Amino acid sequence: MAKQTKNQQVRAKLDSEKLYTVDEALATLREHKAKFDETVEVAMNLGVDPRHADQMVRGMVSLPSGTGKDVKVAVFARGENAEKATAAGADKVGAEDLMEDMQNGNLDYDRVIATPDMMGVVGRLGKVLGPKGLMPNPKLGTVTPNVEQAVKDAKGGQVEFRVEKQGIIHSGIGKLSFKDDALKENFKALTDAIVKAKPTGAKGKYVKKVTLTSSMGPGLKVDLGEVEGA
């Protein structure tokens, strides 16, 4: 019989049907933590079919305690806006030169921001940025004349959430080294934002299941009473 991995042994000991409070889930993840600083992740199963436009769930939320991750930001801007973006901490700022760089496959960014006047240039990158979910979008605040604030938000803990084909949203809410209060604040900010983003076409139960996990840890079902509006 094949030897069980540590992860399999952990899962075997846990009651897969138990519903945890956020406090209990975090305590359990800490009990089984790996040797590196794992990311704590939330998965929300929603009662939506994102193939229908009126059931798409997407948005941005600022996590009050940050993500613990270094976010790489590229900005399409010229002149004074380019200077402001650089001063705010953008990793790469440019115009046609940045477009060409991305067309050549340099896409190691977590967020791409653009001023409205640059969308003629950025539009040529639809096939490159679209599949990676990096295309600047006015609804998400990534097409904006205020690039300075957009860069600060991206660097300061703002995350994007977007429902996948199966009706699930995955998002990191920080590192396991964060204090419980910080992770709970981030959990609340994310889940509140997703509940508020309930689309008009969603029928029946909207939040079906919430799971907390860490990079190497077990997936723990969270009691829906922990999520306001669920």
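Read on for a plain summary of the structure.

Rules behind the numbers
Residues numbered from 1 in each chain as written. Predicted model: local features only at pLDDT ≥ 70, side-chain atom pairs only at ≥ 80, totals over all residues. Heavy atoms only, no water. Helix = DSSP H or I, 4+ residues; strand = E, 2+ residues; numbered from the N terminus. Buried < 20%, exposed > 50% of the residue type's maximum accessible area, 1.4 Å probe, protein only. Areas by Shrake-Rupley, 256 points an atom, 1.4 Å probe, with all protein chains shown as cover. Lys, Arg positive; Asp, Glu negative; His and termini not counted. Charge placed at Lys NZ, Arg CZ, Asp CG, Glu CD. Phe/Tyr/Trp six-rings, centres within 6.5 Å; stacked < 30°, edge-to-face > 60°. Lys NZ or Arg CZ within 6 Å of the ring centre and 35° of its normal. Core = buried A, V, L, I, M, F, W, Y, C linked by side-chain atoms within 4.5 Å. Contact = heavy atoms within 4.5 Å. Axes fitted to C-alpha atoms, helices over the stretch in contact; angles between N-to-C directions. Parallel < 35°, antiparallel > 145°, perpendicular 65-115°, else oblique. Left-handed = near helix turned anticlockwise from the far one by under 90°. Arc of directions from axis to C-beta.

Helix and strand content of the protein chain: eight helices and nine strands. Dimensions of the protein chain, computed from C-alpha atoms along their principal axes, come out at roughly 60 × 45 × 40 Å. Within the span of the protein chain, comprising 230 residues, buried residues form 46% of the whole. Split by element, the accessible area of the protein chain, about 12200 Å² in all, is 48% carbon and sulfur. Distance between charge centroids for the protein chain: 5 Å, based on 35 positive and 32 negative side chains.

Moving on to the packing of aromatic side chains. Aromatic rings considered in pairs are described by the distance between their centres and by the relative angle of their planes. Counting across every chain of the model gives zero aromatic pairs. Directly above the aromatic system of Y20 lies the positively charged group of K18, at a separation of 4.7 Å from the ring centroid.

Before going further, it helps to examine the nonpolar core. In terms of nonpolar packing, the biggest core is built from 37 residues, with L46, F187 and L212 touching the most fellow members. Elements supplying a minimum of two residues to this core: α2 (22–31), β1 (39–46), β6 (158–162), β7 (168–175), α8 (180–196), β8 (207–214) and β9 (220–222). If you tally residues by element for this core, the top one is α8, at eight residues. Other than its neighbours up to four places away in sequence, L46 contacts V57, G167, I169, I194, Y206, V207 and K208. Formed by 16 residues, the second largest nonpolar core is a distinct cluster that contains A74, A95, Y109 and V122.

What follows is about the environment of Y109. Tracing the sequence through the fold places Y109 in the loop between α4 (96–103) and β5 (111–114). With relative accessibility at 13%, the residue Y109 sits in the buried group. On a C-alpha basis, the gap between Y109 and D91 in space is 8.7 Å, while along the polypeptide they are 18 residues apart. With residues up to four places along the chain from it excluded, the contact list for Y109 reads K72, V73, A74, K92, L98, D101, M102 and L134.

Let us look at the packing of α2 against α8. Interaxial distance between α2 and α8 falls to 11 Å at its minimum, and their mutual angle equals 125°. For the element pair α2 / α8, the angle class is oblique. α2 and α8 meet at a crossing whose hand is right-handed. Contacts between α2 and α8 pair V22, D23, L26 and R30 from the former with D180, L183, K184 and F187 from the latter.

A few words now on α2. Of the residues making up α2, those classed as buried are V22, A25, L26, T28 and L29. Along α2, the residues classed as buried sweep out an arc of 160° about the axis, all on the same side. Among the structural elements, β1, α8, β8 and β9 are those in contact with the buried residues of α2.

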